[in-house]
Amino acid sequence: MSAATATPAPTYAGGRPGAGRRVLGGIVRNLLVLLVLVAFMFPIFMILMTSFKSRADALAVPPVWIFSPTVSNYTDVFKLYPFAAYLRNSVLVATLSTLLALIIGIPAAYALARFRFRGVNHVQFWILSVRMTPAIAAIIPLFILFRRFGLTNSIIGLVLIYLTTSLPFIVWMLTRFFEDIPRELEEASLVEGSTWFGAMTKIAIPLARPGIAATAIFTFIFSWNEFLFALILTSTEKSQTMPVAVTLFIRETGIEWGYMTAVAVIMMIPTAILTLLAQRHLVQGLTMGALK
Amino acid sequence: MQVTRESALGQQTVGGLTVAPRSRSTPPPLVLLLPTVIVLFVLTIYPTVYSFTLSLNEWNMSNRLATWTFVGLGNYTNILADSRFWNAAQVTGTFIFGTVAVQLLLGMGIALLLQRQVIARGLLRTALLLPMMTTPVVVGLIWRFMYNPTQGILNYLLGQVGLPTPNWLGSLQTGFIAVMIADIWEWTPFMVLILLAALQTLPQEPFEAAAIDGASAWQAFLHITLPLLRPTIVVAVLIRAIDSFKTFDLVYVLTNGGPGTSTETLSFYTYKWGFKFFQMGYASALSFVMLIMVIIFANVLILVTARNRGAS
């Protein structure tokens, strides 16, 4: 007993310096990691939990941790509000704008990556500055013009306006991805008599597929999350998307938290899945290719 | 005779790679670029010119009969004298500086923590992505839920440990801080992710040399890690600053610019002039001022990116 208590002290002081501190450091570090995890996950956990609570449990003080879960919030938002329409609008707008931006943007990115021509840097700079433009600056003239052409409160209007951000993003990102593909394969196929169009569609695009997929995912998430354009351009369930619809729960009288959290969870599911799929290219996507 | 000529041509094609293929393979970059250029022209250049013209006029959109009245640079001189504009500029500036600084410090700390983490590092990294990819409007609502002064979880927890329980979104002292906290929660993971990726590619040799020389962990961080991470930090900070400059969604959901004008950012203030007061001329002028600021930011970012690419 006395031997046992006596041994740690000399060990710590002499034999293996820092061994005790290292163990302590490891514990502290793991506790800190746990703290970080709780801080960033707790709000999401709260939303998830509240979405399965009854109205009485949702705002109970002190909060109820153990309750009988119900899916009534999920079924109610579709029964009492036109969330089926909002969801359809969101899926349609995000999918169509991504597809359209890809069709228009892929050839442009290929041209910028493969061919040196006068003004190539100007085009690139222009594309990047479009991407940086504050949404509020873009929406003022576009709202007036869209109103004149009857494009407000329509899916097509939203799909078009999302091109202002998704197209420059896709062109900028895919230019980087095409630049990373060695051009020898395309040159070989040109020598064998293929056209430049064939070289692009049969060789370069398939090779850039991982990059295209990741970029498409980012574009989809952007359109899925977008709020300001949709807020200003849409006015009914004919074209309102989920981010706009969910703010309709904010009223002077208060917020229906059960419904709101259920919609929030529905909105988070696709982004969470897609983020996981695009994880490898996340740093590139988030920094416009400035970092890998 | 024709047949032989054709075969001769064919041989020439294979022999001189440059001659025959070029005529067919030199693709007109213009054809590939044209759709993008047209779309972006219609959606950006034309509206920008339109918007600038509008900014030289006065026009109340809510009045069907109102027409444009030319006022020259009147809107711009009004902006300079508009104390609420300067308030919005100050709110935006403080917001950018405050959130990005905290995000960088927290992000660096967490990245260093995770770099040494052995257990479940991949899982932790994935979990941290969630706040960043959550719809910003939903982030706002999540925090509004937690900030609820009487029924929110935040004040419940604060009350349990005997701390003050402020009316987070409703008081002048805390409204701005509350919006900043939500933004910091959402975007600190961005910094973590980028810094962690950069930390993992750092060379090991300088650290080994420093360890032999008896440098402390803090000295190694200050004199090796930080200088090596500098290009990454600059890009990450600039990107966050540009995004933060446009902050709208969080303000709309959390405080609607209030209490008073304490959380009224430039985006939100411009939105109010355009889509609450319907003064489109003044709103256009405001948006132009914002545009010029962003172009300055963007130019810095491009310069830095070019330098990074040149260095690597």
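Keep in mind the model is a prediction, meaning the values are calculated, not measured.

Mind showing me how you'd approach the overall build of chain A here?
Across its full length, chain A carries 16 helices and 2 strands. Its C-alpha atoms give chain A a radius of gyration of 27 Å, more than 25% over the compact-globule value 19 Å for 292 residues. Taking the principal axes of the C-alpha coordinates as reference, chain A spans close to 85 × 60 × 35 Å. Sorting the 292 residues of chain A into buried and exposed places 45% on the buried side. At a minimum sequence separation of 6, the contacts of chain A that also span at least 24 residues come to 76%.

Would you mind showing me how to read the nonpolar core here?
In a soluble, globular protein the nonpolar side chains are often hidden away together inside. Residues and elements named next belong to chain A. In this structure, Ala 109, Ile 139, Leu 174, Val 246, Val 263 and Ala 264 are the most contacted members of the largest nonpolar core, which totals 159 residues. Considering each element in turn, this core owes the most residues, 15 residues, to helix H9 (residues 155–179). Each of two domains, domain 1 (2–51) and domain 2 (74–286), supplies a minimum of three residues to this core. Excluding residues that lie within four positions of it along the chain, Ile 139 makes contacts with Leu 228, Phe 229 and Ile 232.

What exactly am I supposed to notice about the interface of chain A and chain B here?
Where the parts come together, the accessible area they lose is often given as the size of the interface. Contact residues are listed per partner, giving 72 residues for chain A and 74 residues for chain B. Element by element, the count of residues in the side of chain A that touches chain B is highest for helix H3 (residues 19–51) of chain A, at 11 residues. Of the residues in the side of chain A that touches chain B, the class split is 61 nonpolar, 10 polar and 1 charged.

Help me out: how do you make sense of the domain arrangement of chain A in this one?
All names here are of chain A. Domain boundaries assigned for chain A yield domain 1 (2–51) and domain 2 (74–286). Between domain 1 and domain 2, the C-alpha centre-to-centre distance is 43 Å. Looking at the side of domain 1 that touches domain 2 residue by residue, the class counts come to 2 nonpolar, 2 polar and no charged.

Which parts of the structure should I look at to understand unusual backbone geometry?
Where the residue is not glycine, phi is negative for most of them; where a peptide bond is considered, it is trans in most cases. All names here are of chain B. For the bond from Gly 258 to Pro 259, the omega torsion is -10°, close enough to zero to count as cis. Of note, the phi angle at Asn 256 is positive, near 55°, even though the residue is not glycine. Even without a glycine there, the phi angle at Phe 278 is positive, about 60°. For Phe 278, a count of 15 C-beta atoms within 10 Å translates into the label partly exposed.

Looking at this structure, I do not really get helix H11 (residues 217–245) of chain B. What am I missing?
Think of an α-helix as 3.6 residues a turn; residues three or four steps apart then line up on the same face. Residues and elements named next belong to chain B. For H11, which comprises 29 residues, the first-to-last C-alpha distance of 36 Å sits more than 12% below the rise-based estimate of 42 Å (1.5 Å per residue). Its maximal kink placed at Arg 230, H11 deviates by approximately 55°, while the proline Pro 231 follows within four residues. For H11, every residue scored as buried is listed here: Thr 225, Thr 232, Val 235, Ala 236, Leu 238, Ile 239, Arg 240, Ile 242, Ser 244 and Phe 245.

Reading the values: rules and limits
Residues numbered from 1 in each chain as written. Chains lettered and ligands numbered in written order. Predicted model: local features only at pLDDT ≥ 70, side-chain atom pairs only at ≥ 80, totals over all residues. Helix = DSSP H or I, 4+ residues; strand = E, 2+ residues; numbered from the N terminus. Rg over C-alpha atoms; globule rule 2.2 N^0.38 Å. Buried ≥ 20, exposed ≤ 12 C-beta atoms within 10 Å, placed from the backbone. Contact = placed C-beta atoms within 7 Å. Core = buried A, V, L, I, M, F, W, Y, C linked by C-beta atoms within 7 Å. Domains from an automatic or database assignment. Nonpolar A, V, L, I, M, F, W, Y, C, P; charged D, E, K, R; others polar. Expected span 1.5 Å × (residues − 1). Bend = angle between axes of the 7 residues up to and from the residue.

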